[in-house]
Amino acid sequence: MNEKLKQRYEARAHVLKAMAHPTRLFIVEELARREKYVGELTDLIGADVSTVSKHLTVLKNAGIVTDEKRGMQVYYKLRVPCVLNFFACVESVLKTTATEQLRLTR
């Protein structure tokens, strides 16, 4: 693998790692519905502001979400809604795996 290709795979891994947490997956799905400010996400998740902010920073650094300060609130939204296509693919994998496991146990 050449250096350019390696860098590309590392960049992909960075994005995937950013989503590799249940809370961050939840945040992405919530932001797919509409933009939200940190307080809304904190209430939905049931975690403190600093924890939610850290999750949002991971997503922002990976280029998945973007933020905008409005007055005293910081609003977040999906930067690239196509990330939801990945979720659909993951659900297909889960469904296929469950179906195969069920078939093997019979």
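Quick look at the structure, then. (Residues numbered from 1 in each chain as written. Predicted model: local features only at pLDDT ≥ 70, side-chain atom pairs only at ≥ 80, totals over all residues. Heavy atoms only, no water.)

A short note on the packing of aromatic side chains
The tally for this structure, following the rule as stated, stands at 1 aromatic pair. Aromatic pair Y37 and Y75: ring centres 5.5 Å apart, planes at 65 degrees, arrangement edge-to-face. Residue Y37 is found in strand β1 (residues 36-37), and its partner Y75 is found in strand β3 (residues 73-78); the two are separated by 38 residues along the sequence. Among the residues examined, Y37 registers a relative accessible area of 26% and is labelled partly exposed. (Phe/Tyr/Trp six-rings, centres within 6.5 Å; stacked < 30°, edge-to-face > 60°. Helix = DSSP H or I, 4+ residues; strand = E, 2+ residues; numbered from the N terminus. Buried < 20%, exposed > 50% of the residue type's maximum accessible area, 1.4 Å probe, protein only.)

Remarks on the sheet that holds β3
A sheet is described by the order of its strands in space; here 3 strands give the open sequence β1-β3-β2, paired in antiparallel fashion. Two strands in the sheet have a free side with no partner beyond their single neighbour: β1 and β2 (65-70). Here 6 bridges tie β2 to β3, and the two strands are oriented antiparallel to one another. Within β3, the position partnered with K69 by the bridge is V74. Contacting β1, β2 and β3, helix α2 (residues 22-33) crosses the sheet at an angle of about 90 degrees to β3. (Pairing = 2+ DSSP bridges. Contact = heavy atoms within 4.5 Å. Axes fitted to C-alpha atoms, helices over the stretch in contact; angles between N-to-C directions.)

Examining the pattern of salt bridges
One pass over the full model with this rule turns up 6 salt bridges. The salt bridge involving R33 is made with E30; its shortest N-O contact spans 3.3 Å. Residue R33 and its partner E30 are both found in helix α2; the two are separated by 3 residues, about one turn of the helix. Owing to a relative accessible area of 59%, R33 belongs among the exposed residues under this scheme. Close ionic contact of E35 with R70 constitutes a salt bridge, the shortest N to O distance being 2.8 Å. Of the two residues, E35 is situated in the loop between α2 and β1 and R70 in strand β2; the sequence distance between them amounts to 35 residues. Note on E35: relative accessible area 27%, which makes it partly exposed. Among the residues examined, R70 registers a relative accessible area of 34% and is labelled partly exposed. The structure contains a network of salt bridges with shared partners spanning E30, R33 and K36. (Salt bridge = Lys/Arg side-chain N within 4 Å of Asp/Glu carboxyl O.)

Thoughts on helix α4 (residues 49-61)
With 13 residues, α4 extends 18 Å between its outermost C-alpha atoms, agreeing within 8% with the 18 Å of an ideal straight helix rising 1.5 Å per residue. Those residues of α4 that fall on the buried side of the exposure criterion are V52, H55, L56 and L59. Down the axis of α4, the smallest arc covering the buried residues is 100 degrees, so these residues share one side. For α4, exposure combined with an orientation more than 90 degrees from the buried face picks out K54 and N61. Tucked into the core, α4 has its buried residues touching α1 (3-18), α2, α3 (38-45), β2 and β3. One or two steps after α4, the chain reaches G63, where phi turns positive at roughly 85 degrees. (Expected span 1.5 Å × (residues − 1). Arc of directions from axis to C-beta.)

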